[in-house]
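Descriptive structure summary
Below are the chains, spelled out letter by letter.
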Amino acid sequence: MGIETTKTNARLLEYRLTMGMTVMEGQGFYYPVDTTIAADGRMYVISRSRDEVARGVRVTMCNVDGEYFGNFGGFGEEDGQFVWPCCSAIDSLGRFYVTDEELHRILVFDRSGKFLDRWGEYGSANGELDTPSGIAFDSHDNLYVADTYNNRIQKFTSNGRFLMSFSGHGEEVISLPWGLATDRQDNLYVADWGNDCIRKFSSDGIELACFGTSGKNDGEFCRPSSVSVDRDGDIYVADWGNERVQVLNSEGEFVEKLRGQATISSWAQNFLNINVEEASARNKADLNLQIEYVDDTPHEESSHIERYFWSPTSVTVDKNGLLYVTEANRHRIQVYARRDR
């Protein structure tokens, strides 16, 4: 049941591996919420810990082969620190940008995690932010920001100069936008968390399409948190409330859905090789628990079965077509590959 597909049973994606380990410091993640991948394959994974818990907040640098390059950031309000980090993006110069929902600002770092700049002020006027979450660059290094509690998208230059804002049209306006992504034509895709849909906008803020409605069926969403678009225009959605990932084609038609197929990561296996008592306890545990659920929801099932996604907050597609699914509640990333590439 790890992968569910269309009626043709043609599997688009195949599971490759799991990354990560639950740690509050060092090599691993602690409630990770987003993953961004640089052109050279270096991964930046945001761990934001639990509400107002200082320990665990950081950005981890690694790659898909399991190499670990260290951490940067930390809990606080000073330069280079976060209180409630959420989403990230990388510009054409390799600079790494992070949103802080609590402090209503954007932080900028170089490739190695050295702090460079911060900008953003709380408010609802043009250029001001209220709980910014998703961010995405276009091909001209303009930065789109999901201004979540202002229910709009704002567009800035890479150094924070305001360009424009938009929120849709008519009664169907954006509600609590979260994840953002751009495609090769600089169209913007918005995970509209409050309206259970994915919206597509042109670079000048004109709404072009809206995909999905509320529900649990194929092509329906429950609080989508993230969106990513590959080179062919296929759309990947972290269907957070349904504990799954859905794939749509460029026209917004349902293609495939994933529930998760996680195995143990190399980092975790190394830990268990050393800590034999914990390895023994794990080997005795039922990691595929089948019970009568009091509440028959995807959340209940995911919380009891280890291989399934549990709180998939972010989806990211790299230049090679690998899909990275970040799971906050299991402190890990599952990686999938396209079978047709």
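Residues numbered from 1 in each chain as written. Predicted model: local features only at pLDDT ≥ 70, side-chain atom pairs only at ≥ 80, totals over all residues. Heavy atoms only, no water.

It is worth spelling out the sheet that holds strand β20 (residues 207-211) at this point. Sheet architecture is open: 4 strands sit in the order β17-β18-β19-β20, paired in antiparallel fashion. The open sheet terminates on both sides in strands that have one partner only, identified here as β17 (177-182) and β20. Strand after strand, the sheet turns through a mean of 20° between neighbouring axes, direction not considered. Of the strand pairs in this sheet, strand β19 (residues 197-201) and β20 are connected by 4 bridges, and their pairing is antiparallel. When the bridges of β20 are listed, Phe 201 appears paired with Glu 207. (Pairing = 2+ DSSP bridges. Helix = DSSP H or I, 4+ residues; strand = E, 2+ residues; numbered from the N terminus. Axes fitted to C-alpha atoms, helices over the stretch in contact; angles between N-to-C directions.)

As a general point, the strands of a sheet are linked pairwise by backbone hydrogen bonds and lie either parallel or antiparallel. The sheet built from 4 strands is open, its strands ordered β3-β4-β5-β6 with antiparallel pairing. Edge positions in the open sheet fall to β3 (32-37) and β6 (68-72), since each of these has one partner strand only. Averaged over neighbouring strand pairs, the angle between their axes works out to 20° when direction is ignored. Where β3 lies against strand β4 (residues 43-47), 5 bridges are found, and the strand directions are antiparallel. What sits directly across from Ile 37, in β4, is Met 43.

Enumeration over the complete set of coordinates arrives at 18 aromatic pairs. Centre to centre, the rings of Tyr 97 and Phe 137 are 4.9 Å apart; their planes meet at 75°, and the pair counts as edge-to-face. On the criterion of sequence distance, the pair formed by Tyr 97 in strand β8 (residues 96-100) and Phe 137 in strand β11 (residues 132-137) is long-range, its members being 40 residues apart. A relative accessible area of 1% places Tyr 97 in the buried class. Ring geometry for Trp 119 versus Phe 156: centroids 5.0 Å apart, planes at 50°, classification tilted. Of this pair, Trp 119 sits in strand β10 (residues 115-119) while Phe 156 is found in strand β13 (residues 152-156), placing the two residues 37 residues apart along the sequence. Here Trp 119 and Phe 156 have matching classes, each one buried. Here a set of aromatic residues connected by ring pairs shows up, and it is made of Tyr 44, Phe 72, Phe 82, Phe 96, Phe 109 and Phe 115. Of note, Arg 48 hangs over the ring of Trp 84, and the distance from its end group to the ring centre comes to 3.9 Å. The ring of Trp 193 is capped by Arg 223, whose NZ or CZ atom sits 4.8 Å from the centre of that ring. (Phe/Tyr/Trp six-rings, centres within 6.5 Å; stacked < 30°, edge-to-face > 60°. Buried < 20%, exposed > 50% of the residue type's maximum accessible area, 1.4 Å probe, protein only. Lys NZ or Arg CZ within 6 Å of the ring centre and 35° of its normal.)

Counted according to the given criterion, the structure contains 19 salt bridges. The salt bridge involving Arg 199 is made with Glu 207; its shortest N-O contact spans 2.8 Å. Each member of the pair Arg 199 and Glu 207 is classed as buried. Here the residues in one salt-bridge network are Glu 172, Asp 192, Arg 199 and Glu 207, joined through shared partners. (Salt bridge = Lys/Arg side-chain N within 4 Å of Asp/Glu carboxyl O.)

What follows deals with a negative patch on the surface. Taken together, the side chains of Asp 51, Glu 52, Glu 77, Glu 78 and Glu 102 make up a negatively charged region of the molecular surface. When you line up the elements, Glu 78 lands in the loop between β6 and β7 (85-90). Glu 78 sits in the exposed class, given a relative accessible area of 56%. (Patch = residues over 30% accessible without salt bridge, like charges linked within 9 Å, V, L, I, M, F, W, Y side chains within 5 Å. Areas by Shrake-Rupley, 256 points an atom, 1.4 Å probe, with all protein chains shown as cover. Lys, Arg positive; Asp, Glu negative; His and termini not counted. Charge placed at Lys NZ, Arg CZ, Asp CG, Glu CD.)

Another point: the confidence of the model for the protein. Summarising the model, the protein shows a mean pLDDT of 93, and 96% of its residues fall at 70 or more. Of the regions scoring below 50 in pLDDT, residues 1-8 engages in 25 contacts with residues more than four places distant in sequence or in other chains. (pLDDT = per-residue confidence, 0-100. Contact = heavy atoms within 4.5 Å.)

Here strand β22 (residues 235-239) lies mainly inside the structure; 5 of its 5 residues are buried. Residues of β22 alternate between two faces, with Ile 235, Val 237 and Asp 239 on one and Tyr 236 and Ala 238 on the opposite face, all of them buried. Strand direction decides the pairing type here: strand β21 (residues 226-229) and β22, joined by 4 bridges, are antiparallel. In the sheet register, Val 229 faces β22, and the bridge partner there is Ile 235.

With that settled, the discussion passes to the packing of helix α1 (residues 266-274) against helix α2 (residues 276-284). Where α1 contacts α2, the two axes come as close as 5 Å, and the packing angle between them is 115°. Relative to α2, α1 is oriented roughly perpendicular. For the pair formed by α1 and α2, the contact residues are Phe 271, Leu 272, Asn 273 and Ile 274 on the first element and Val 276, Glu 278, Ala 279 and Arg 282 on the second. Of the residues assigned to the contact of α1 with α2, the class counts are 5 nonpolar, 1 polar and 2 charged. (Parallel < 35°, antiparallel > 145°, perpendicular 65-115°, else oblique. Nonpolar A, V, L, I, M, F, W, Y, C, P; charged D, E, K, R; others polar.)

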